[in-house]
Amino acid sequence: MNDLCIRMDGVSKRYPHFFLDGISLELSEGSVLGFIGANGAGKSTTIRILMGLVRQDSGSVEVLGHPMPAEQTTAKLDIGFVSEDMRLYGAATLAWHMNFVASMYPRWDKAYAETLLRRFDLKAEQKIKGLSHGQRVKAALLLALARQPRLLILDEPTTGLDPVARREVLGELMSVLRDEGRTIFFSSHNTLEVEQISDRIAFIDRGRLIALDEKEDLLDRWRRVRLMVPTGSVLPQIPGVIEVAGTERLPVLTTSQFNPGVVSLCEDRGATVQGVDAMTLEEIFVANVQSRRELQPA
Amino acid sequence: MNRQRINYAVVRHLILKDWYLNRGVILGSLPVGLGALALVLTGKQVTFLLCIILLCMVIVGVGAQLAMVTTVNERKEQTLAFVMSLPVSWREYTAAKILANLIIFLIPWLPLTAGALGVLLLPGATHGLIPFTAIMALEMLITTSLIVAAGIITESQAWTTAGIFLSSLGINVLGYVFAHLPGISAYMFGMQVRWTATAWTVLIAELLTVPLILGMTFYIQSRKTDFL
């Protein structure tokens, strides 16, 4: 399936103290995009624009083939949205919320909602104000999933969850992924979670998209190369070096363009490759952000 | 921002949601208001004045509480994100908020206004007060419309509270002004109902003000770019 679920082209939005700067990204149907950024990087603004809740100053947005925000109501019929700052009505029960949402979604799956109730250990007759934070997140996720959305947009849904609740939420997301037609846009600053469920990764920093790639490609291309450079030799020039740490004799190079040829290149220049270390997504994200910030100070 | 047609089924669901979440306050206000009307029947002047004040407080209070809960609290308590995640456009949201506040407000307003007019129609009552009572009842509808508009447009507790304060002040000031208009004051305490041109003019102006305020609310909302 290669139909585009999301297409953003040069999307900008200016606020007094923040500028979302020309975001362009595409997400095809069935993909899971992990959208990583620090607090205030522009993740929520991007998502609000995607949902049609904020109008971009320039650029175009299409979600499930619908221009946004013009056709947001039609698009939202196929979107499940859960946000960290989304709350349900405290005075109403979960059952009331389920009926309310079901009344607006023709594809509401009652049986699946009941299954999720059991799986999340939630009681339909309980009022929302009596639920813990973890239960509220699971309730919101239930309401989003049971409407059978083609696109699931999750804005830091696991923030503030205890490890057990986080595992349950992620577990359910993993099971949703088995439905290959389901597309997920997952925003988080928890890189470990993103790494677990995503097949594509986007980094956003200070309102700019600084990376958008397949997860495996990203993890394969970023490496820390530990060298031993003999006295009198110069540091070999290897492609995509982001950072040089360590000492002059024992440098550690972080590269974003690693390939097997890098090792032979170093050895040809007289350096000894002591090790090539894989990097976690978090290390890649931090290195990427820091190098960009050094190049473009705020 | 959104050229799609209004989905009235969605608007109805949103109105029913606000009714469900606020039904306790609305239904609870009815016995208080009707109790105040019953006390008016005792015939004592001090009781009459106190009960009329209580009645006004109940009606204005219900409108203010409703507007605050359905608009300002929706943002403050972050339930707006939930509502706007549903297939709802700003037009449907605004239409639902205006209609919900108006319809739910009418639930106590209509019987209490009818009750007040009914009491004045009883034998021995000061029938001349009926036009002024009708004018003041509509004034309360305007007050509620203003508070609703402030709530929807600003979504701010501070601005809506300011709106409540100014509207309540406006009721007293306008009540004083209307009560001193020659076409109203001359017949107010008579035993006959006199629908003078002045009374009609004020009533019609009030009736037109309500849709004007609500229409302006819709227009200002349409110029917003951010709904969350």
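**A few points about the overall build of chain B**
So, point 1. When you go through chain B residue by residue, the secondary structure sums to 8 helices and 0 strands.
So, point 2. Counting from the amino terminus, helix and strand elements in chain B follow one another as α-α-α-α-α-α-α-α.
So, point 3. By its C-alpha atoms, chain B is 60 × 35 × 30 Å across when sized along the principal axes.
So, point 4. Sorting the 228 residues of chain B into buried and exposed places 40% on the buried side.
So, point 5. Long-range pairs, those at least 24 residues apart, make up 79% of the contacts in chain B with a sequence separation of at least 6.

**Examining the environment of A:Asp9**
Residue and element names in this part refer to chain A.
So, point 1. For aspartate 9, the position within the fold is in strand β1 (residues 4-15).
So, point 2. Among the residues examined, aspartate 9 registers 14 C-beta atoms within 10 Å and is labelled partly exposed.
So, point 3. Linking aspartate 9 and glutamate 62, residues 53 residues apart in sequence, is a C-alpha distance of 8.8 Å.
So, point 4. Leave out the neighbours within four places in its chain, and aspartate 9 touches Ser24, Gly59 and Ser60.

**Considerations on the confidence of the model for chain B**
So, point 1. Overall, the predicted model of chain B reaches an average pLDDT of 88, with 98% of residues at or above 70.
So, point 2. Among the scores for the predicted complex, ipTM is 0.85 and pTM is 0.86.

**Some words on the nonpolar core**
So, point 1. In terms of nonpolar packing, the biggest core is built from 136 residues, with A:Leu50, A:Ala140, A:Ile153 and A:Phe185 touching the most fellow members.
So, point 2. It is helix α5 (residues 130-154) of chain B that provides the largest number of residues to this core, a total of 15 residues.
So, point 3. Residues lining this core come from more than one domain, with at least three contributed by each of domain 1 (4-213) and domain 2 (223-278) of chain A.
So, point 4. Those residues within four positions of A:Ile153 in sequence are excluded, and the remaining contacts are A:Ile47, A:Leu50, A:Met51, A:Ile79, A:Phe81 and A:Phe185.

**Considering the domain arrangement of chain A**
So, point 1. In terms of domain boundaries, chain A breaks down into domain 1 (4-213) and domain 2 (223-278).
So, point 2. Domain 1 of chain A and domain 2 of chain A are separated by 41 Å when their C-alpha centres are compared.

**Focus: unusual backbone geometry**
So, point 1. Here the residue pair A:Met68 and A:Pro69 is connected by a cis peptide bond, since its omega of 5 degrees sits within 30 degrees of zero.
So, point 2. The topology assignment puts A:Pro69 in the loop between β5 (66-68) and α2 (72-76).
So, point 3. Unlike most non-glycine residues, A:Arg206 shows phi in positive territory, near 50 degrees.
So, point 4. In this structure, A:Arg206 sits in the loop between β9 (200-205) and β10 (208-214).
So, point 5. With phi around 50 degrees, B:Glu155 is a residue other than glycine that occupies positive phi space.

**Notes on the sheet that holds strand β3 (residues 32-37) of chain A**
All names here are of chain A.
So, point 1. Strand order in this open sheet of 6 strands is β6-β7-β8-β3-β9-β10, and the pairing throughout is mixed. Strands with a single pairing partner mark the edges of an open sheet, and in this sheet they are β6 (79-83) and β10. Going from strand to strand, the sheet's axes swing by 15 degrees on average, the running direction of each strand aside.
So, point 2. Two strands pair when backbone bridges link them, and strand β7 (residues 151-155) and strand β8 (residues 183-188) are joined in this way by 5 bridges, in the parallel orientation. Directly across from leucine 152, in β8, lies its bridge partner isoleucine 184.
So, point 3. Contacts between helix α1 (residues 43-50) and the sheet are confined to β3, β7, β8 and β9, with β7 contributing the most and set at about 150 degrees to the helix.
So, point 4. The sheet contacts of helix α10 (residues 281-295) involve β3, β9 and β10, and relative to β9 the element is tilted by about 35 degrees.

**Some words on the interface of chain A and chain B**
So, point 1. Between chain A and chain B, the contact holds 26 residues from the first and 24 residues from the second.
So, point 2. For the side of chain A that touches chain B, the secondary structure elements donating two or more residues are α2, β6 and α3 (94-102) of chain A.
So, point 3. In terms of residue count, α2(A) provides more of the side of chain A that touches chain B than any other element does, 4 residues in total.
So, point 4. Counted by class, the side of chain A that touches chain B contains 15 nonpolar, 5 polar and 6 charged residues.

**Concerning α10(A)**
Residues and elements named next belong to chain A.
So, point 1. Its 15 residues place the ends of α10 21 Å apart at the C-alpha level, agreeing with the 21 Å of an ideal helix rising 1.5 Å per residue.
So, point 2. Within the span of α10, buried status applies to Leu281, Ile284, Phe285, Asn288 and Val289. Axial view of α10: buried residues confined to an arc of 125 degrees, hence all on one face.
So, point 3. Where α10 is buried, its residues touch β3, α7 (191-197), β9, β10 and α8 (215-221).

**Focus: the pairing of β1(A)**
Residues and elements named next belong to chain A.
So, point 1. Pairing between β1 and strand β2 (residues 18-28): 8 bridges, direction antiparallel. Bridge pairing in β2 places lysine 13 opposite leucine 20.
So, point 2. Counted between consecutive antiparallel strands, the loop separating β1 from β2 contains 2 residues.
So, point 3. Across 5 bridges, the pairing between β1 and strand β4 (residues 58-63) is antiparallel. In the strand pairing of β4, serine 12 is matched with serine 58.

**Structural notes on the environment of A:Leu265**
So, point 1. Structurally, A:Leu265 is set in helix α9 (residues 260-268).
So, point 2. Residues A:Leu265 and A:Met174, spaced 91 residues apart in sequence, show a C-alpha to C-alpha distance of 41 Å.

**Digging into the pairing of β10(A)**
Residues and elements named next belong to chain A.
So, point 1. Sheet analysis places β9 next to β10, joined by 6 bridges and oriented antiparallel. Paired with arginine 200 across the two strands is glutamate 214, which belongs to β10.
So, point 2. Here β9 folds back onto β10 in antiparallel fashion, the turn holding 2 residues, of which arginine 206 has a positive phi close to 50 degrees.

Here is what the cut-offs are and how they apply
Residues numbered from 1 in each chain as written. Chains lettered and ligands numbered in written order. Predicted model: local features only at pLDDT ≥ 70, side-chain atom pairs only at ≥ 80, totals over all residues. Helix = DSSP H or I, 4+ residues; strand = E, 2+ residues; numbered from the N terminus. Buried ≥ 20, exposed ≤ 12 C-beta atoms within 10 Å, placed from the backbone. Contact = placed C-beta atoms within 7 Å. pLDDT = per-residue confidence, 0-100. Core = buried A, V, L, I, M, F, W, Y, C linked by C-beta atoms within 7 Å. Domains from an automatic or database assignment. Pairing = 2+ DSSP bridges. Axes fitted to C-alpha atoms, helices over the stretch in contact; angles between N-to-C directions. Nonpolar A, V, L, I, M, F, W, Y, C, P; charged D, E, K, R; others polar. Expected span 1.5 Å × (residues − 1). Arc of directions from axis to C-beta.

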